[in-house]
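Listed below are the residues making up each chain.
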Amino acid sequence: MKQHIAIIAVLLLVVSQNNAVAQEASTNLNVPTMNTRPLVGNDAFIPEGYSLHLSSAFSPFEQNTSFVYGTMSLGIVGLLEASLTKESAIGTPLGWAEPANQLGLRLQVAPQRDNYPAVALFLNTMLKAQTEFLGDNDLMPNFPDLYRRGILAISYQAKTTTAGVALTTQLNDFVTLNASIGTREIVWRQGWSAYSSDNSSQKTVDGWTAPLAEQSAYRIDALGGFTFHPLSKLAVIGDVGTIPSMDIDPSSLTIEATQDFTGAFGVRYYLPVPLTVELYDRWFSSSTLKTFHQIRLGLSADIAAQ
């Protein structure tokens, strides 16, 4: 909770100091800065001049986790944006996605003009591999059939990188649409694992199977969403897209990469200062288990200067 308070305090301090600059700059933008940020996916619009985006979110109803999600990004002369993000990147076999530190770069190749959307090229990558270990307490209740067939414990490391093109268009004063499509690379390696039966792999004297060779796969990454403003200070936001996920192959009892879906739906309220409050449901749909939902409360701020 102390982390949450510290991040929110920093946001409020930055916004209050730059309030006058942001309000003056926002009148010169073709697309309102805070109206185009999706909850999932990539935004193609980069404000003119220099801009700073800050966001922080957490799940107030979760008692067993203390994850903080957030983004800090810097836009340069309306062309390039670099960002550091802590957000779900790869789904786990247990049906939920743990946040990971990610680096993102966006190059706006065309701003929005008349009926033509803003277009940007993007690259997102995890800063380090995600490591997971599943033991008896994880496998017995969630994968009883696989556990009975001989898998006692399994671990892995996985990392993903995505590159593609994003589009954002403001249809009118009420509706903004965003979409992106690209190619995603998933690299993973199964680590030390334990089996009750002979799986024809090299084992230690204690019965542990040695790590397997590194594997990689490519997938199509697609995202889409909308922002609807029924009132000037209120927005309804919805996003949905693909997300890589790690699973256990039922035939070989080894870790494999699959493709699942993630999305978000909620509301965003604009305060008199350039700060927004968001309440939304972020969900992750696993192919093997039930959909995992997470209610989040967040703050975001966009500061722009010509």
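On a predicted model such as this, the values are computed, not experimentally measured, just so you know. (Residues numbered from 1 in each chain as written. Predicted model: local features only at pLDDT ≥ 70, side-chain atom pairs only at ≥ 80, totals over all residues. Heavy atoms only, no water.)

1. Here we look at the overall build of the chain
- On a plain count of helices and strands, the chain comes out with 4 helices and 15 strands.
- Here the chain, with 306 residues, has 48% of them falling under the buried criterion.
- If you take every contact in the chain between residues at least 6 apart in sequence, the share linking residues at least 24 apart comes to 61%.
- When the accessible area of the chain is evaluated, it comes to approximately 15,000 Å², of which 60% is carbon and sulfur surface. (Helix = DSSP H or I, 4+ residues; strand = E, 2+ residues; numbered from the N terminus. Buried < 20%, exposed > 50% of the residue type's maximum accessible area, 1.4 Å probe, protein only. Contact = heavy atoms within 4.5 Å. Areas by Shrake-Rupley, 256 points an atom, 1.4 Å probe, with all protein chains shown as cover.)

2. Some details on the side chain of Arg-184
- Its place among the elements puts Arg-184 in strand S8 (residues 175-190).
- The exposure class of Arg-184 is buried, given its relative accessible area of 9%.
- Engagement of the side chain of Arg-184 in a polar contact is seen with the side chain of Thr-162, the distance being 3.0 Å. (Polar contact = N/O pair within 3.5 Å; in protein donor to acceptor, adjacent residues only side chain to side chain.)

3. A closer look at the nonpolar core
- Ile-151, Ile-154, Trp-188, Met-246, Ile-248 and Ile-255 are the most contacted members of the largest nonpolar core, which totals 21 residues.
- Setting aside residues up to four positions removed in sequence, Ile-255 forms contacts with Ile-154, Tyr-156, Trp-188, Gln-190, Gln-215, Met-246, Asp-247 and Ile-248.
- Ranked by size, the runner-up nonpolar core spans 7 residues in total, among them Leu-39, Val-40, Ile-237 and Ala-264. (Core = buried A, V, L, I, M, F, W, Y, C linked by side-chain atoms within 4.5 Å.)

4. What to know about the packing of aromatic side chains
- Counting across every chain of the model gives 0 aromatic pairs.
- Its end group placed over the ring of Tyr-69, Arg-296 keeps NZ or CZ at 3.6 Å from the ring centre. (Phe/Tyr/Trp six-rings, centres within 6.5 Å; stacked < 30°, edge-to-face > 60°. Lys NZ or Arg CZ within 6 Å of the ring centre and 35° of its normal.)

5. With respect to the pairing of strand S15 (residues 292-305)
- The pairing of strand S1 (residues 50-58) with S15 spans 9 bridges and is classified as antiparallel. Along S15, the bridge assignment pairs Leu-52 with Ile-303.
- Bridge analysis of strand S14 (residues 275-285) against S15 gives 10 bridges, and the strand direction is antiparallel. Considered in S15, the bridge of Val-277 is made with Leu-299. (Pairing = 2+ DSSP bridges.)

6. Quick notes on a nonpolar patch on the surface
- A cluster of nonpolar side chains, Tyr-50, Leu-74, Ile-76, Val-77, Leu-79, Leu-80, Leu-107, Val-109 and Leu-121, forms an exposed patch at the surface whose accessible area comes to about 780 Å².
- Among the secondary structure elements, those contributing two or more residues to the nonpolar patch are strand S2 (69-76) and strand S4 (97-110).
- Looking at the element boundaries, Leu-79 is found in the loop between S2 and strand S3 (80-91). (Patch = residues over 30% accessible without salt bridge, like charges linked within 9 Å, V, L, I, M, F, W, Y side chains within 5 Å. Salt bridge = Lys/Arg side-chain N within 4 Å of Asp/Glu carboxyl O.)

7. Looking at the pattern of salt bridges
- Here the structure, examined in full by the defined rule, presents 8 salt bridges.
- Here Arg-184 makes a salt bridge to Asp-221, at a shortest N to O gap of 2.6 Å. Within this pair, whereas Arg-184 is found in strand S8, its partner Asp-221 is found in strand S11 (residues 215-231), the two being separated by 37 residues in sequence. Comparing Arg-184 with Asp-221, the two get one shared label, buried.
- Through salt bridges with shared partners, a single network forms among Arg-37, Glu-81, Arg-106 and Asp-302.

8. A short note on the confidence of the model for the chain
- Per-residue confidence for the chain gives a mean pLDDT of 84, with 82% of residues at or over 70.
- The model gives residues 4-34 a pLDDT under 50, and that stretch makes 55 contacts with residues more than four places away or in other chains. (pLDDT = per-residue confidence, 0-100.)

9. Quick word on the side chain of Glu-81
- Following the sequence through the fold, Glu-81 ends up in strand S3.
- Separated by 3.0 Å, the side chains of Glu-81 and Arg-37 make a polar contact.
- Contact partners of Glu-81, with chain neighbours within four places excluded, come to Arg-37, Ile-46, Ser-73, Leu-74, Gly-75, Gly-104, Leu-105 and Arg-106.

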